[in-house]
Structures are given as structure tokens and as C-alpha cells.
Amino acid sequence: MEITNDKWLETLGVTDLSDTETHQDILSEAGLDWTVDKKSLFLGEDVNVFDEDGVRLEQRPTKSMLPRHLATCRSDNDDILGIVSPKYEVFQNQELLELTSAIEDNSGSEIVTAGSFRGGKDVFFMMKNSNFMLPGEDKVDTFHFFYNSHDGSRTVTLMPTTIRVWCTNTMNAVLKQKNKGLKFRHSSDLRDSLDEAMKLMSISSARTQYFQDKCHALAKERIEAKSKKVRTMFEEVYAEAVAAVPTGPWSKMTDEQQAVVKRKEDVIFEWEKNLQ
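Attention here is on the structure that accompanies the text. Every value quoted in this text rests on a predicted model; they were computed, and no experiment measured them. (Residues numbered from 1 in each chain as written. Predicted model: local features only at pLDDT ≥ 70, side-chain atom pairs only at ≥ 80, totals over all residues. Heavy atoms only, no water.)

**Focus: the pattern of salt bridges**
- One pass over the full model with this rule turns up 9 salt bridges.
- For Lys39, the salt bridge identified is with Asp78, shortest N-O distance 3.0 Å. Of this pair, Lys39 sits in strand β1 (residues 36-42) while Asp78 sits in the loop between β4 (65-74) and β5 (80-84), placing them 39 residues apart in sequence.
- Of the residues examined, Lys39 reaches a relative accessible area of 33% and is grouped as partly exposed. (Salt bridge = Lys/Arg side-chain N within 4 Å of Asp/Glu carboxyl O. Helix = DSSP H or I, 4+ residues; strand = E, 2+ residues; numbered from the N terminus. Buried < 20%, exposed > 50% of the residue type's maximum accessible area, 1.4 Å probe, protein only.)

Put into C-alpha cells, the structure is as follows:
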């Protein structure tokens, strides 16, 4: 198992991991060797009992418990990570690693990085699948991003990507990709996700090969930056790699849909400039 050994990543939440082989080693080196517990929440201050001299004899927690909310807390420092419902199913760091490792064993891929952000609210493992060379010695690496949040804000996510996560910005860039990957709610059937994850691996590998073939075929053609063929290719790439773009009459689009279209036009304009 190959783990990156980049010291500078430690300051960004991606811990330096080197020569790790067992699950416990990986969790320990990545600072993820803790669990998450659900704890009751209480409203109000503790009840204090004093004697006649004002000396406190007893301190009891308030009995005003909030029945519909629980706190997710780290086991190592009792930090509160989030507020969730009683039905929320905790997915532990160990379980996310086991899911990642199972796919690693079945696919021949490698876990290369692991880390956490926001005090443990965001936890991830990064698995490298393959790389290929484009004309001009342009190397493209492909990854699968395994992500979990412990604050109830996001689902457990398995996402194919060419973006290597090393900070919250790159993490959010991966998670914002539309029509990509698998998302599992924190519910009782969460742990039945391995079969679907393996199917995604197969599909994403085929997409990677398709992308590679298209790039090599395009490199053999001499085309103009403003040609219809380039425009069509850029729109396909944008829809596949960035975000789905709404279609239809402009006047019938919502402000949000129009903003998506404008964003696409701005990005493709920059791509076309780079070809000139």
C-alpha cells in the first residue's frame, strides 16, 4: 500500500503517511484513530446544591433533555462535531477505510492520501487508480475520493475525479461535481454500499479510457480554436467534468439556471483562449 509522504500536506489537514500497511497504522498516522459517539443534549445550566454556608455539595445536569436532537462527538477529545437526529447513523472512520480498502483489494488501485478538515467534521481517503500520458507529455492522474462528514451536513460519498484533494477548496471542488459518483445517506442500510461502489469503479474506468481515446484522437487533428467541433467537444467535457447545463429558452430559465449557463460560457471562453 503506497501512501504519500509529503510533509507540507500536514499543515493542510492531509497528514504525512509513510510505510503504513495495517488499517490501524493508517488511521493512527492520519490522525483518524478516533470514533464518533451520539450523545444527548440538555437545555439549561447544571443544578447546583449548596449547604447553609454556601459550599457546593452537589452538581447535577439539568433534566431538560432535547428528545429530537443528538450531538455527534469525537471520542478522543469530546469535541462536538454536529447536531443530528436520533435516526442519524454514524459511519466510523474505520468503516470508511474498510470500504476504501475493499475496493483497493478488488481493483488493484492504491490508497495514497488520507486526512480530515474542520476538526474532524470532514474525513476522507484518496485512492489512485491509474494515469496516462496525453500528447505533449501531459500526465493525467485519476482518483477515487472517499468522503464522510460527521456533522450531518453531507452524505457518505464516493467520487471519481482527476482532482487530488489536499485542502478544503479542492475537497469542495470534487464534491460539487454534478452527476458523478455515489452518495449514501447516514441511515441503517449505509453499510450495504460496496456492490454499488464496485460498479462505479467499473463505469469510471470505462469513462477514463473513453476520455483518453478522445484526447488522443483530437490531438491528431488540426483544428481552429473557434471551430464548431472544438465548441461541441468543450461543451461535452464541461457537462461531464464540471456540471450539467440546463437547456431551453433563456426567458423560461430561472435565475439560477441562467447563472449556470453564464458560468459555462465563461469557462469555455477561457478554454478557447488557451487554444489560440
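**Describing the sheet that holds β5**
- What the 3 strands build is an open sheet, ordered β1-β4-β5; its pairing is antiparallel. Both outer strands of the open sheet, β1 and β5, are each paired with one neighbouring strand and no more. Along the sheet, successive strands turn relative to each other by an average axial angle of 35°, direction set aside.
- Inspection of the sheet shows β4 paired to β5 by 4 bridges, in the antiparallel sense. Within β5, the position partnered with Thr72 by the bridge is Gly82. (Pairing = 2+ DSSP bridges. Axes fitted to C-alpha atoms, helices over the stretch in contact; angles between N-to-C directions.)

**What to know about the environment of Gln94**
- Tracing the backbone shows Gln94 in helix α2 (residues 93-107).
- Exposure remark for Gln94: the relative accessible area of 28% places this residue in the partly exposed category.
- Ignoring anything within four residues of it in the chain, the contact list for Gln94 reads His23 and Leu27. (Contact = heavy atoms within 4.5 Å.)

**Thoughts on the packing of helix α5 (residues 228-241) against helix α6 (residues 255-275)**
- One way to put it is that α5 packs onto α6 with a least axis distance of 10 Å and a crossing angle of 125°. With respect to α6, the element α5 is oriented oblique. You can see that α5 and α6 cross each other, and the crossing is right-handed. Across the interface between the two elements, Val230, Arg231, Phe234, Glu235, Val237 and Tyr238 from α5 touch Val260, Arg263, Lys264, Glu265, Val267, Ile268, Trp271, Glu272 and Leu275 from α6. (Parallel < 35°, antiparallel > 145°, perpendicular 65-115°, else oblique. Left-handed = near helix turned anticlockwise from the far one by under 90°.)

**A short note on unusual backbone geometry**
- One non-glycine residue, Asp78, adopts positive backbone phi at about 65°.
- A relative accessible area of 47% places Asp78 in the partly exposed class.
- With a phi close to 55°, Arg118 is a non-glycine residue in the positive phi region.
- Residue position: Arg118 is located in the loop between β6 (110-117) and β7 (122-134).

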